[in-house]
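# A structural walkthrough
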Amino acid sequence: MSLSITSTLPLNDGRTIPLFGLGTFLSEAGSPTRDAVLWALEAGYRHIDTARIYGNEQDVGTAIRESGLPRSEVYLTTKVWNDDQGYDSTLRACDESLKRLGMDYVDLYLVHWPVPDLRNETWKALVELQRTGRARSIGVSNFMIKHLDELLNTTDVVPAVNQVEISPFIQRKELTAYCRDKGIVVESYSTLGRGQRTDDERLAGVGEPYGKTPAQVALRWALQSDIVIIPKSVRKERILENAALFDFELTDADMEVIAGFDENASVMPPTWDPETSDKWR
Ligand SMILES: NC(=O)c1ccc[n+]([C@@H]2O[C@H](COP(=O)([O-])OP(=O)(O)OC[C@H]3O[C@@H](n4cnc5c(N)ncnc54)[C@H](OP(=O)(O)O)[C@@H]3O)[C@@H](O)[C@H]2O)c1
């Protein structure tokens, strides 16, 4: 499988998404975010993931401009936060995000979490945002099968992407199969178990023959599963480490071994669990 740092997957709206990018959750506003995005773009990353709730959209936008890269070469995602959900408020929230980013469009706008009672209205706003060019592609995040089933009964516009927690330790095979069947690209967050799994001995064992770290094995496993990844770091050496994924390939046997690591182990708090939480009801 020949993958590069700029490999893309096709989306159901005729566009594409880079398989590999940088996450920015918990990247502090100001120079930590700006430096991380600049280092990443220097290292060849061409995809940045942010969200209104991360509080760093302005710094992401500044760094993309400072990089000197044409806007069209950087794939940028942001998300509508839960307290902005609903039709009019989502349209406003997107405009405010664009203002903070200093951009006139984002490549991908996501419904951050499936807020009960509001999520389907929010989706209608995303359809409008795509129609008017403010979002080139639109998708969802943290949507489980029941949320997608419900949404697809209310709309003809199938989300291009579903961004969910996936790592070797929470593989969500049923959800990923469902998404593929519906033409929805799966994007993984917390692929490194939010840094809690980067010294895992079993991943280290798989990486040893290739001279690769547990983080690199987890990330490469996702790539070879056709899952978009956005590992987050604000440290230059890790930004480089997390991008050094394109000079080795896991074998089918390695992929089988990692398939056995699935233990449905989330790093998110229970209030975030979209299957069970009603925190935002
Ligand atoms: N849609 C959603 O609901 C949602 C939820 C969570 C995350 N996300 C998105 O997905 C991105 C990635 O997920 P995440 O930030 O939760 O977790 P992650 O990428 O799995 O892990 C990030 C953590 O691991 C550390 N780290 C990074 N590379 C490492 C390496 N090579 N070795 C050891 N430690 C390393 C980072 O610390 P340093 O920064 O100090 O290096 C940070 O603490 C987020 O940043 C965000 O953009 C979306």
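Look up a bit, the structure's there.
Described below are features of the structure shown in this document. (Residues numbered from 1 in each chain as written. Predicted model: local features only at pLDDT ≥ 70, side-chain atom pairs only at ≥ 80, totals over all residues. Heavy atoms only, no water.)

Glancing now at unusual backbone geometry. A positive phi is found at Asp-117, a non-glycine position, where the angle reads about 70°. Among the secondary structure elements, Asp-117 is positioned in the loop between β6 (106-111) and α4 (119-131). The class for Asp-117 is exposed, based on a relative accessible area of 67%. Not every positive phi belongs to a glycine, and Arg-194 is a case in point at roughly 50°. Structurally, Arg-194 can be placed in the loop between β9 (185-189) and α7 (201-207). Residue classification places Arg-194 among the partly exposed residues on the basis of a relative accessible area of 34%. (Helix = DSSP H or I, 4+ residues; strand = E, 2+ residues; numbered from the N terminus. Buried < 20%, exposed > 50% of the residue type's maximum accessible area, 1.4 Å probe, protein only.)

So, on to the environment of Asp-254. Structurally, Asp-254 can be placed in helix α10 (residues 252-259). Since its relative accessible area comes to 15%, Asp-254 is described here as buried. For the pair Asp-254 and Ala-63, spaced 191 residues apart in sequence, the C-alpha separation works out to 37 Å. Not counting the four nearest positions on each side in its chain, Asp-254 is found in contact with Val-206 and Tyr-210. Within the structure, the side chain of Asp-254 is placed 2.9 Å from the backbone nitrogen of Thr-251, a separation counted as a polar contact. (Contact = heavy atoms within 4.5 Å. Polar contact = N/O pair within 3.5 Å; in protein donor to acceptor, adjacent residues only side chain to side chain.)

A few words on the site of the ligand. Neighbouring the ligand are 29 residues; Asp-49, Ser-141, Ser-190, Lys-232 and Ser-233 lie closest to it. Take Glu-241: an N or O atom from its side chain is 3.2 Å from a nitrogen atom of the ligand. Taken atom by atom, the bulk of the ligand overlaps the largest pocket. Tallied by class, residues from the shell around the ligand come to nine nonpolar, 13 polar and seven charged. (Near = heavy atom within 4 Å. 1 Å grid on protein atoms, 1.4 Å probe; cavity = no way out; pocket = protein on both sides within 12 Å on 5 of 7 lines; lining within 4 Å. Sits in = over half its atoms within 2 Å of the grid points. Nonpolar A, V, L, I, M, F, W, Y, C, P; charged D, E, K, R; others polar.)

With 76 residues, the main nonpolar core has Ile-17, Ile-48, Ile-64 and Tyr-109 as its most contacted residues. At seven residues, helix α8 (residues 214-224) tops the list of elements feeding residues into this core. Excluding its chain neighbours within four sequence positions, the residues that come into contact with Ile-64 are Val-37, Leu-41, Ile-48, Leu-69, Val-74, Leu-76 and Met-103. If you look at the next biggest cluster of nonpolar residues, it comprises six residues, including Trp-81, Trp-113, Tyr-189 and Met-268. (Core = buried A, V, L, I, M, F, W, Y, C linked by side-chain atoms within 4.5 Å.)

Moving on, we come to the packing of helix α5 (residues 145-152) against helix α6 (residues 173-182). Relative to each other, α5 and α6 sit at 20°, their axes nearing to 10 Å. If you check the angle between α5 and α6, you find them roughly parallel. α6 is crossed by α5, and the crossing has left-handed handedness. Residues Ile-145, Leu-148, Asp-149 and Leu-152 of α5 form the contact with α6, whose participating residues are Glu-174, Leu-175, Tyr-178, Cys-179 and Lys-182. Among the residues forming the contact of α5 with α6, the class breakdown is six nonpolar, no polar and three charged. (Axes fitted to C-alpha atoms, helices over the stretch in contact; angles between N-to-C directions. Parallel < 35°, antiparallel > 145°, perpendicular 65-115°, else oblique. Left-handed = near helix turned anticlockwise from the far one by under 90°.)

The next subject is the pairing of β6. On a regular strand, one side chain projects to one face of the sheet and the next to the other, so that they alternate. β6 sits mainly inside the fold: six of its six residues count as buried. Bridge analysis of strand β5 (residues 75-80) against β6 gives four bridges, and the strand direction is parallel. By the bridge assignment, Thr-77 is partnered in β6 with Leu-108. Taken together, β5, helix α3 (residues 87-101) and β6 form a β-α-β motif whose crossover is right-handed. Taking the sense of rotation as the criterion, the β-α-β connection linking β6, α4 and strand β7 (residues 135-141) turns out right-handed. (Pairing = 2+ DSSP bridges. Right-handed = clockwise from strand over helix to strand, strands pointing away.)

A word on the pattern of salt bridges. Here the structure, examined in full by the defined rule, presents 17 salt bridges. In this structure, the salt-bridge partner of Lys-146 is Glu-275, at a minimum N-O distance of 3.8 Å. Residue Lys-146 is located in helix α5, and its partner Glu-275 is located in the segment after α10; the two are separated by 129 residues in the primary sequence. Taken together, the salt bridges that share partners define one network made up of Arg-197, Asp-200, Arg-202 and Glu-263. (Salt bridge = Lys/Arg side-chain N within 4 Å of Asp/Glu carboxyl O.)

As enumerated under the stated definition, the model contains one cavity of 30 Å³ or more in all. Its boundaries defined by the atoms lining it, the largest cavity holds a volume of some 40 Å³. With three residues, α8 is the single largest residue contributor to the lining of the largest cavity. Residue composition of the lining of the largest cavity, by class: seven nonpolar, four polar and one charged. (Points joined across faces, edges and corners; volume = space filled by probe spheres on them.)

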